[in-house]
Amino acid sequence: MQKMRLVVCALVLFAMAMIGCVAAADTSMDHVISVSGSGTVTGTPDRVQISFAVQTQNADVKIAQSSNALAMNNVMDALAAAGVPRDQMKTTGYTITQINQQDDNGILSGPAATYQVTNTLLLTLKDTNTTGQIIDTAVNAGANQVNSIQFMLSDEQAQALRSQALTKAITNARADADAVADALNVTITGTQEADVSQGYTPVVYSNYDTTMMSAKAATAPTPIQSGDITVTAQVSVTYTIR
């Protein structure tokens, strides 16, 4: 009897193990539908970065430096007076370059070398509507280069738009999956996995002609339009079916 009981227990354990293997095999052999979906939303930028520079030249490097420092201080003071907090101004470059005058054949000619000093300032503004006014203020105060203007989204707005785009992407992916399931006469039973990717591209304007801008600044504000920023989300979803 004792041997019989042992045999029965062994058979039961074996049967349970086989059932587990079959279940695992069935899970690994699930039928699936894999689809992709995308969602797009647009938003208005609520941040702008403007890169200015003051460039000076002189045969005496010290004079070139002091002239540059005076001009840049005037620019920063004017921007602060216009309401730009100083913690939103950041120096991003300072270079001193020796320039030798050459003729068409590349032979040195003319007076001694000239030194060129360039000091670059980056502003980050929370009010994009003041972009043109700030440009005019900087140019009138002595900035002679406007390198770039970049409109962006704040972290809060970027996250909100991302969520909207993802919702649209998932909705589109599920609609495609439902259409495939109907055509195959199968039923979607769940979601096996989902992969998400998304991003947005700031609107960039660059290489402004500051000579023309200086002339315009005296008569009319410089018009700058930020336009819209598009946020796109893409998802890849695998649904289980039966």
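The shown structure was predicted, so the numbers you read here are calculated from the model rather than taken from an experiment.

Participant: Provide a residue-level description of the overall build of the protein chain, including the pertinent values.
Facilitator: The number of helices and strands found in the protein chain is five helices and eight strands. Its helices and strands taken in sequence order, the protein chain reads α-β-β-α-β-β-α-β-α-β-β-α-β from the N to the C terminus. Looking at the 242 residues of the protein chain, the share that counts as buried comes to 31%. Sequence separation of 24 or more characterises 85% of the internal contacts of the protein chain that already satisfy a separation of 6 or more. Counting every atom, the protein chain has about 14,500 Å² of accessible surface; 54% of that belongs to carbon and sulfur.

Participant: Before we move on, could you go through helix H2 (residues 61-81) and cite the residues and values that matter?
Facilitator: Think of an α-helix as 3.6 residues a turn; residues three or four steps apart then line up on the same face. Taking 1.5 Å per residue as the helical rise, H2 with its 21 residues ought to reach 30 Å, and the 30 Å between its terminal C-alpha atoms agrees with that figure. For H2, the set of buried residues is Ala 64, Asn 68, Ala 71, Met 72, Val 75 and Leu 79. In a view along the axis of H2, the buried residues occupy a sector of 100 degrees, so they form one face of it. Along H2, exposed side chains directed more than 90 degrees from the buried face belong to Lys 62, Leu 70 and Ala 81. Against strand S2 (47-58), strand S3 (89-99), strand S4 (114-125) and helix H3 (131-141) lie the buried residues of H2. The backbone nitrogen of Lys 62 lies 2.9 Å from a side-chain oxygen of the residue at the head of H2, namely Asp 60.

Participant: Describe unusual backbone geometry, and please don't skip the residues or the numbers.
Facilitator: The residue Asn 185 is not glycine, and still its phi comes out positive at about 60 degrees. With respect to the helices and strands, the residue Asn 185 is situated in the loop between helix H4 (155-184) and strand S6 (188-200).

Participant: Any chance you could break down H4 for me, citing the residues and the numbers?
Facilitator: In a regular helix each residue adds 1.5 Å, so 30 residues correspond to 44 Å; H4 covers 43 Å between its end C-alpha atoms and thus fits that length. Those residues of H4 that sit buried are Ala 158, Leu 161, Ala 165, Leu 166, Ala 169, Ala 173, Ala 177 and Ala 181. Looking one or two residues past H4, Asn 185 carries a phi angle of roughly 60 degrees, positive in sign.

Participant: Before we move on, could you go through the packing of H2 against H3 and cite the residues and values that matter?
Facilitator: Angle between the axes and distance between the axes: these two values describe a pair of packed helices. At a minimum axis separation of 8 Å, H2 and H3 run at an interaxial angle of 150 degrees. Relative to H3, the crossing made by H2 is right-handed. Between H2 and H3, the contacting residues are Ala 71, Asn 74, Val 75, Ala 78 and Leu 79 on the first element and Ile 134, Thr 137, Ala 138 and Ala 141 on the second. Each residue belonging to the contact of H2 with H3 can be placed in one class, and the counts come to seven nonpolar, two polar and no charged.

Here is what the cut-offs are and how they apply
- Residues numbered from 1 in each chain as written.
- Predicted model: local features only at pLDDT ≥ 70, side-chain atom pairs only at ≥ 80, totals over all residues.
- Heavy atoms only, no water.
- Helix = DSSP H or I, 4+ residues; strand = E, 2+ residues; numbered from the N terminus.
- Buried < 20%, exposed > 50% of the residue type's maximum accessible area, 1.4 Å probe, protein only.
- Contact = heavy atoms within 4.5 Å.
- Areas by Shrake-Rupley, 256 points an atom, 1.4 Å probe, with all protein chains shown as cover.
- Expected span 1.5 Å × (residues − 1).
- Arc of directions from axis to C-beta.
- Polar contact = N/O pair within 3.5 Å; in protein donor to acceptor, adjacent residues only side chain to side chain.
- Axes fitted to C-alpha atoms, helices over the stretch in contact; angles between N-to-C directions.
- Left-handed = near helix turned anticlockwise from the far one by under 90°.
- Nonpolar A, V, L, I, M, F, W, Y, C, P; charged D, E, K, R; others polar.

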